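Topology and contacts: notes
Here is how the chains run, residue by residue.
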Amino acid sequence: MAAERTQELLVPATFSAVRAIDAAIVDLLTQAGADEFTVYNVQLAAHEVCTNIVEHAYAGRDDGTIAARLRVTQAPHSAIEIELRDQGQPFDPQSVPAPELDQPQEGGYGLFLAQALLDELHYQHDAQGNLWRLRKRL
Amino acid sequence: MIREHVVRVVIVAPQERIDAANAPEMRQQLLELADGGATNFVIDLSEVPFMDSSGMAVLVSILKRARQDGGDVKLVWPRVDAARRILNLTKFDRVFDVTDTAEAALKLF
């Protein structure tokens with residue numbers, strides 16, 4: 001059985017810096033032998049959560065960070081688990097209604113995509129700030 | 001008498017990922033083209049390896065502007081299958097005409 005792999009990153013909460021998290025996910029999943037759709041979809045889902053953090057949690061602030069913890073697990077089955085932590089404002093799920101897909105719109109696709117492309121997407125706010133947990137079976 | 005009807009179409013073919021970091025610049029460039037009188041656009045996504053929801057928002061912005069000005073926007077499918085599937089998932093392939101090549105997109109005008 002392949003070993004579990006874990007990687008941790010701390011990046012500035014900017015649109016360009018979150019690309020480092022995308023790249024780490026691609027590397028980890030490629031090493032784990034995931035297919036191209038899984039690699040793309042998990043990268044996109046995590047990227048959408050990260051840009052949501054930059055845009056909303058840290059809206060107007062340029063001193064924020066995002067701590068990412070990426071883990072490929074083997075038991076009970078092969079999966080990738082991603083934790084994204086920030087210290088910005090709490091997320092309000094009511095603020096993002098599901099997009100009307102029959103009418104093109106200029107926003108609102110981000111978290112819809114994250115939810116659609118993952119098996120699990122959880123959000124919680126605690127004493128250390130915001131925590132997003134993403135999970136996708138491989 | 002010979003008549004010629006020429007439709008001006010601007011073809012834009014990004015060569016890199018489109019995400020929140022560079023989407024505002026792309027939006028501005030497209031809207032500047034629209035301000036300059038362009039109404040018909042082909043956005044060739046064939047060489048785009050990755051596009052996020054910010055990139056998709058740019059496509060919708062220019063579509064709305066083009067249609068408001070009496071024109072339209074046609075897309076060329078990304079070569080990356082996973083990126084194509086996202087355009088299916090968000091029903092962008094129903095909102096836009098999407099073709100396999102820029103030449104095919106031009107013929108739709």
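Residues numbered from 1 in each chain as written. Chains lettered and ligands numbered in written order. Predicted model: local features only at pLDDT ≥ 70, side-chain atom pairs only at ≥ 80, totals over all residues.

On to the overall build of chain B. Of the regular secondary structure elements, chain B holds five helices and four strands. The order of helices and strands in chain B, counted from the N terminus, is β-α-β-α-β-α-α-β-α. Taken over C-alpha atoms, the radius of gyration comes to 14 Å for chain B, in line with the 13 Å a tight globule of 109 residues would show. Referenced to the eigenvectors of the C-alpha coordinate spread, the extents of chain B come out at roughly 50 × 25 × 25 Å. When each of the 109 residues of chain B is scored for burial, the buried share is 38%. In chain B, 78% of the contacts between residues at least 6 apart in sequence involve partners at least 24 apart. (Helix = DSSP H or I, 4+ residues; strand = E, 2+ residues; numbered from the N terminus. Rg over C-alpha atoms; globule rule 2.2 N^0.38 Å. Buried ≥ 20, exposed ≤ 12 C-beta atoms within 10 Å, placed from the backbone. Contact = placed C-beta atoms within 7 Å.)

Okay, the overall build of chain A next. Helix and strand counts for chain A come out as three helices and five strands. Reading the helices (α) and strands (β) of chain A from amino to carboxyl end gives β-α-α-β-β-α-β-β. Here the C-alpha atoms of chain A give a radius of gyration of 15 Å, agreeing with the 14 Å that 2.2 N^0.38 yields for 138 residues. Judged by the C-alpha coordinates and their principal axes, chain A covers about 45 × 40 × 25 Å. A total of 138 residues make up chain A; the buried ones form 34% of that total. Once local pairs closer than 6 in sequence are excluded, the contacts in chain A between residues at least 24 apart make up 65%.

Moving on, we get to the interface of chain A and chain B. Taken residue by residue, the interface counts 21 residues in chain A and 19 residues in chain B. When contributions to the side of chain A that touches chain B are tallied by element, the ones reaching two or more residues are α2 (36-57) and α3 (110-117) of chain A. With eight residues, α2(A) is the largest single contributor of residues to the side of chain A that touches chain B. Here the side of chain A that touches chain B is composed, by residue class, of nine nonpolar, seven polar and five charged. (Nonpolar A, V, L, I, M, F, W, Y, C, P; charged D, E, K, R; others polar.)

Next up on the list: the sheet that holds strand β2 (residues 40-44) of chain B. All names here are of chain B. Sheet architecture is open: four strands sit in the order β1-β2-β3-β4, paired in parallel fashion. At either end of the open sheet lies a strand with only one pairing partner, and these are β1 (10-12) and β4 (97-99). Each adjacent strand pair in this sheet contributes to an overall mean axis angle of 25°, direction not counted. In this structure, β1 lies alongside β2, joined through three bridges in parallel fashion. Within the sheet, the bridge partner assigned to Ile11 lies in β2 and is Val42. (Pairing = 2+ DSSP bridges. Axes fitted to C-alpha atoms, helices over the stretch in contact; angles between N-to-C directions.)

Take the nonpolar core next. One broad trend across soluble globular proteins is that nonpolar side chains are buried collectively. Counting residues in hydrophobic clusters, the biggest one holds 64 residues, and the most contacted among them are Ala45(A), Ala46(A), Val49(A), Cys50(A), Ile53(A), Leu84(A) and Ile62(B). Among the elements that make up this core, the one with the highest residue count is α2(A) (11 residues). Residues within four places of Ala45(A) in sequence aside, it is in contact with Leu113(A), Ala114(A), Leu117(A), Leu118(A) and Leu134(A). (Core = buried A, V, L, I, M, F, W, Y, C linked by C-beta atoms within 7 Å.)

Moving on: the sheet that holds strand β4 (residues 120-126) of chain A. Residues and elements named next belong to chain A. In spatial order, the strands read β1-β2-β3-β5-β4; together these five strands make up an open sheet with antiparallel pairing. Edge positions in the sheet fall to β1 (5-12) and β4, since each of these pairs with one other strand and no more. Each strand of the sheet is rotated relative to its neighbour by a mean of 15°, with strand direction disregarded. Pairing between strand β2 (residues 65-73) and strand β3 (residues 79-86): seven bridges, direction antiparallel. Among the inter-strand pairings, Leu70 is bridged to a residue of β3, identified as Ile82.

Here we come to α3(A). For α3(A), the complete set of buried residues consists of Gly110(A), Leu111(A), Leu113(A), Ala114(A) and Leu117(A). Viewed along the axis of α3(A), the buried residues span an arc of 155°, placing them on a single side of the element. At its buried positions, α3(A) is contacted by α2 and β4 of chain A together with α2 (53-68) and α3 (81-89) of chain B. (Arc of directions from axis to C-beta.)

For the rest of this paragraph, the subject is the confidence of the model for chain B. Low pLDDT means the predicted coordinates in that region are not meant to be read closely. When pLDDT is averaged across chain B, the result is 95; 100% of the residues are at 70 or more. Interface scoring of the predicted complex returns ipTM 0.92; its pTM is 0.93. (pLDDT = per-residue confidence, 0-100.)

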